[in-house]
Amino acid sequence: MTIYSQHANRGKQQILATYRGSNGVVSLTVTSVEDAALAAPIVDALNRISACATVPVSVWDERGGHFRSYPAGHLAALTDPGARRHLIEGAHSLWYEQAMALLHRALADLDTALAAVPAPVRTAVGAELAAESRALQEELAEYTDGIEPSEPEKRRFWEFQAPLVEAILDPADREALDNLERELDRTQLARAIADLRLLLDAHAETSNGEAQLLIDRFEISDDPYSDGGYFLNVQAPIPDRPAWNVELCRWVPDNRTDGDTGEPVLDCARSDPPAVEEIVALLDRSDGQADVLAAWAATPVGDALAGTAFVVTQRYGD
């Protein structure tokens, strides 16, 4: 419901909260820190928290052709650290649980950022999260039950389907995940949610700056984009892909399109999910390096990709 920013003022960095108030858009100082390097991770985490807390209660759950509200219980986690574990325990839907996993990580990242600042700053940020959570719950109560906010002069206005937040949750991802979910029963959905959390964690923890999380394909891709080069996909199961797989491919010319097309070189399929540390180690080692991928491309069936836990199960075109 709020957008956060930082602003230099009198030798310090102010952290500002901007929201719709009774007299229009309002910007208030949350706190200040010594320099921009301290402010930036706090502002980033606060914006992710705001978006991941607000957007799920600001859109309709349209799965199955119905219009329903998403849960709002996650708002408790903004002020109660003990409630955070519930953010990564649910099985509501792929998109909602993606938002909850991102909220869980944003709260953890805020803790890390606040560890580097004095106690009064931590207190001020905690008060801001409490104000945000309380205001959003009061806006929801008015929207659903007609209950007016307790302190209208401090009101932060919220509008369904038009929340004032950073654009962090892509609507296209929600559509893609909803489409994928149509083909899953409840058991498969629970497994897919666990797999999605694994992809999200691996992508967040890898140091590979080239790794891209492709939600609609349930995979992380590492592509150096070199001519005739190789690229790597870490793929979680979906209905037409029954197992976890590391897929190594090569770009080859496609005369039909005057461009390139991906041609599979080898697979590393496994029935059990990998550990997040295994995926991170793989991505950290590949790291968009064409020579590493080229060396892996020569790996025979039965051997692991050098320095990783992923064993080649199939080769193509040999």
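Structure first, text after, so check above.
Just so it is clear, the model here is predicted, and its values are computed rather than measured.

Whenever I open this one, the side chain of threonine 2 confuses me. Can you help?
Summarising the element assignment, threonine 2 is placed in the segment before strand 1 (3-9). Within the structure, threonine 2 has its side chain in polar contact with the side chain of glutamate 132 (distance 2.5 Å). In contact with threonine 2, not counting residues within four places along its chain, are Ala17, Thr18, Tyr19, Asn47, Ser50, Glu128, Glu132, Arg156, Leu164 and Val165.

Would you mind showing me how to read the side chain of asparagine 208 here?
Residue placement: asparagine 208 occurs in the loop between helix 5 (186-205) and strand 6 (212-214). Since its relative accessible area comes to 4%, asparagine 208 is described here as buried. Reaching out from asparagine 208, the side chain makes a polar contact with the side chain of aspartate 222 at a distance of 3.0 Å. Among the polar contacts made by the side chain of asparagine 208, one reaches the side chain of serine 286 at a distance of 3.5 Å.

Even after reading the chapter, I still don't get unusual backbone geometry, so can you show me in this structure?
Apart from glycine, the bulk of residues carry a negative phi angle, and the bulk of peptide bonds sit in the trans form. With a phi angle near 55°, phenylalanine 218 is a residue other than glycine that sits in the positive phi range. Along the chain, phenylalanine 218 turns up in the loop between strand 6 and strand 7 (219-222). Here aspartate 287, not a glycine, exhibits a phi torsion of approximately 45°, which is positive. Here aspartate 287 is to be found in the loop between helix 6 (276-286) and helix 7 (290-296). Note on aspartate 287: relative accessible area 31%, which makes it partly exposed.

About the thresholds
Residues numbered from 1 in each chain as written. Predicted model: local features only at pLDDT ≥ 70, side-chain atom pairs only at ≥ 80, totals over all residues. Heavy atoms only, no water. Helix = DSSP H or I, 4+ residues; strand = E, 2+ residues; numbered from the N terminus. Polar contact = N/O pair within 3.5 Å; in protein donor to acceptor, adjacent residues only side chain to side chain. Contact = heavy atoms within 4.5 Å. Buried < 20%, exposed > 50% of the residue type's maximum accessible area, 1.4 Å probe, protein only.

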